[in-house]
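Breakdown of the fold
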Amino acid sequence: MKNLVMKVVVLSTVLAVLCSAMVFGGGQRAAGGVSSNTHAIVFKSTGNPYGEREMGGFEAGIKEQGGTAILRAPDLPTAEAQIQMIEQLIAQRIASICIVGNDFDALQPVLTRAQNQGIKVFSLDSGVNPASRLTHVNQADTQAIGETLVEAAYDMAGGSGDIAILSATSQASNQNAWIAVMQETLKQPKYANLNLVKIAYGDDLRDKSVSETEALLLSYPNLKCIIAPTTVGIAAAGKVLADRGLQGKVLLTGLGLPSEMAEYIDNNVCPYMYLWNPIDVGYLGAYVATALTSGKITGKAGDTFTAGRLGNYTIIQAPDGGTEVLLGPPFKFDKANINDWKGVY
Ligand code: RAM
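Residues numbered from 1 in each chain as written. Predicted model: local features only at pLDDT ≥ 70, side-chain atom pairs only at ≥ 80, totals over all residues. Heavy atoms only, no water.

The subject of this paragraph is the overall build of the protein chain. Tallying secondary structure elements over the protein chain gives 11 helices and 15 strands in all. Taken along its principal axes, the extent of the C-alpha atoms in the protein chain is 95 × 40 × 35 Å. Within the protein chain, the proportion of its 345 residues that are buried is 50%. Considering only residue pairs separated by 6 or more positions, the protein chain has 67% of its internal contacts joining residues 24 or more positions apart. (Helix = DSSP H or I, 4+ residues; strand = E, 2+ residues; numbered from the N terminus. Buried < 20%, exposed > 50% of the residue type's maximum accessible area, 1.4 Å probe, protein only. Contact = heavy atoms within 4.5 Å.)

Attention now moves to the pairing of strand β2 (residues 68-72). As judged from the 5 bridges shared by strand β1 (residues 38-42) and β2, these two strands associate in the parallel manner. Among the inter-strand pairings, Thr-38 is bridged to a residue of β2, identified as Thr-68. Each parallel crossover has a hand, and the one from β1 via helix α2 (residues 49-63) to β2 is right-handed. (Pairing = 2+ DSSP bridges. Right-handed = clockwise from strand over helix to strand, strands pointing away.)

This brings us to the packing of α2 against helix α10 (residues 278-294). Close contact between α2 and α10 brings their axes to 6 Å; oriented N to C, the two are set at 40°. When the axis of α2 is compared with that of α10, the two are oblique. When the axes of α2 and α10 are compared, the crossing they make is right-handed. For the pair α2 and α10, the contacting residues are Tyr-50, Arg-53, Glu-54, Gly-57, Phe-58, Gly-61 and Ile-62 in the first and Pro-278, Ile-279, Val-281, Gly-282, Tyr-283, Gly-285, Ala-286, Tyr-287, Ala-289 and Thr-290 in the second. Grouping the amino acids of the contact of α2 with α10 by side-chain chemistry returns 10 nonpolar, 5 polar and 2 charged. (Axes fitted to C-alpha atoms, helices over the stretch in contact; angles between N-to-C directions. Parallel < 35°, antiparallel > 145°, perpendicular 65-115°, else oblique. Left-handed = near helix turned anticlockwise from the far one by under 90°. Nonpolar A, V, L, I, M, F, W, Y, C, P; charged D, E, K, R; others polar.)

Right, let's get into the site of the ligand. Surveying the vicinity of the ligand reveals 13 residues, the closest of which are Lys-44, Asp-125, Gln-175, Asp-204 and Thr-231. Take Asp-125: an N or O atom from its side chain is 2.6 Å from an oxygen atom of the ligand. For the ligand, whose unbound accessible area comes to 290 Å², protein coverage reaches 100%. Looking at the shell around the ligand element by element, the count peaks at 3 residues for helix α6 (residues 173-185). Residues of the shell around the ligand, tallied by class, amount to 4 nonpolar, 6 polar and 3 charged. Both domains that furnish three or more residues to the shell around the ligand are identified here as domain 1 (31-139 + 278-328) and domain 2 (142-275). (Near = heavy atom within 4 Å. Polar contact = N/O pair within 3.5 Å; in protein donor to acceptor, adjacent residues only side chain to side chain. Areas by Shrake-Rupley, 256 points an atom, 1.4 Å probe, with all protein chains shown as cover. Domains from an automatic or database assignment.)

Phi is positive for Arg-93, which is not a glycine, with a value near 50°. Its relative accessible area of 25% is what places Arg-93 among the partly exposed residues. One non-glycine residue, Asp-203, adopts positive backbone phi at about 60°.

With that settled, consider the sheet that holds strand β14 (residues 323-326). Taken in spatial order, the 7 strands make up an open sheet running β2-β1-β3-β4-β5-β14-β13, and their pairing is mixed. Of all strands in the sheet, those with a lone pairing partner are β2 and β13 (316-317), marking the two edges. Judged from the 4 bridges that link them, strand β3 (residues 96-99) and strand β4 (residues 120-124) form a sheet pairing that is parallel. Note on β4: the bridge partner recorded for Ile-99 is Ser-123.

Below, the discussion takes up the nonpolar core. If you look at the biggest cluster of nonpolar residues, it comprises 80 residues, and the most contacted ones within it are Leu-252, Trp-276 and Phe-305. The biggest single contributor to this core is α10, with 9 residues. Counting contributing residues, this core receives three or more from each of domain 1 (31-139 + 278-328) and domain 2 (142-275). If we skip the residues at most four places from it in the chain, Trp-276 touches Tyr-50, Gln-139, Ala-140, Ile-145, Trp-178, Leu-255, Val-281, Leu-327, Pro-330 and Tyr-345. Counting 18 residues, the second-largest nonpolar core is a separate cluster that includes Ala-40, Ile-70, Met-85 and Val-128. (Core = buried A, V, L, I, M, F, W, Y, C linked by side-chain atoms within 4.5 Å.)

What follows covers the side chain of Asp-204. Note on placement: Asp-204 falls in the loop between β7 (194-201) and α7 (206-219). A polar contact is formed between the side chain of Asp-204 and the side chain of Thr-230, at a distance of 2.6 Å. In contact with Asp-204, other than residues within four places in its own chain, are Lys-44, Asn-48, Ala-168, Ser-209, Thr-230, Val-232 and Gly-233.

This next bit is on α7. If you check α7, its first and last C-alpha atoms are 20 Å apart, about what 14 residues at 1.5 Å a residue would give, namely 20 Å. Taken residue by residue, α7 has Ser-209, Thr-213, Leu-216 and Leu-217 as its buried positions. Within α7, the buried residues cover an arc of 95° as seen down the axis, which keeps them to one side. Turned more than 90 degrees away from the buried face of α7, the exposed residues are Asp-207 and Leu-218. In the core, the buried residues of α7 are packed alongside β6 (161-167), β7, β8 (223-228) and α8 (231-243). (Expected span 1.5 Å × (residues − 1). Arc of directions from axis to C-beta.)

Read these as spatial facts, not as claims about activity.
What follows is the structure, given as structure tokens:
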């Protein structure tokens, strides 16, 4: 009997130690059993240099605050693949999830589950709906991006003629938001002679973006300008137009990485394009992650925080009814400045 009592005492002590190690492992577990210092980012897909820079900025921002960053991206840019990844992250009981959404609405059930487990969820770059997130890190004003790209196409097409859009996936919420603004902007009298003939989807995959560009050229022989609001799409379209010697005939603009587009800006395939610093987008996300998990902000409009080297930010109302943090205005890259930027990102 004495032996049995001893065994029970030893066993319960071992169990208690094990449990507290699970809950407070490495001193990093907060009250709800959620790891207070581990933050994940889930990008759209692998093999996207823009995404690598964005995730790199996130990791740098988390590390400089003494935390651990988990960087994830599925092979294909689908909501289903991201749902699986988020399920795994919920099981790891991390502190926050920063989602670069492959779909605006489809992630809501899994992200709600994450939030119910005490994980702080916000989106970045490509948003999820307001019900799925506490806030959104927006790289630049959605309206400004759409209007600026239409104005660029107007300029490049000489005010009239056929233009096309080469996008990422048909579900990508950031591209879809920009395209919606472009379509509205095109209704203005100024743009009445511009004819948007097609919105093609290269799925942020290089080969598909190449074949979609080739199909556009074949179907629309009078095409004057392609707008590609995706770094993968614009680089693929640049290669097709350069290989076919179409500079000066079909002009290219959109959102591109200076490192990938310098040669096409130099050889007049793409007279100019826009982007923001993807490293800074991720870095800003790292500070939103820690501000949310520390309770410094809740994600409501008016909340303020400091994002390391980027300085102070205020959360504002977003056009979709949720809230967002705006990194800054889009930046124009052309022949005059591309050499200064091609080594930066
Ligand atoms: C691609 C991705 C990303 C977008 C950039 C402009 O790399 O679709 O989400 O922000 O293009």
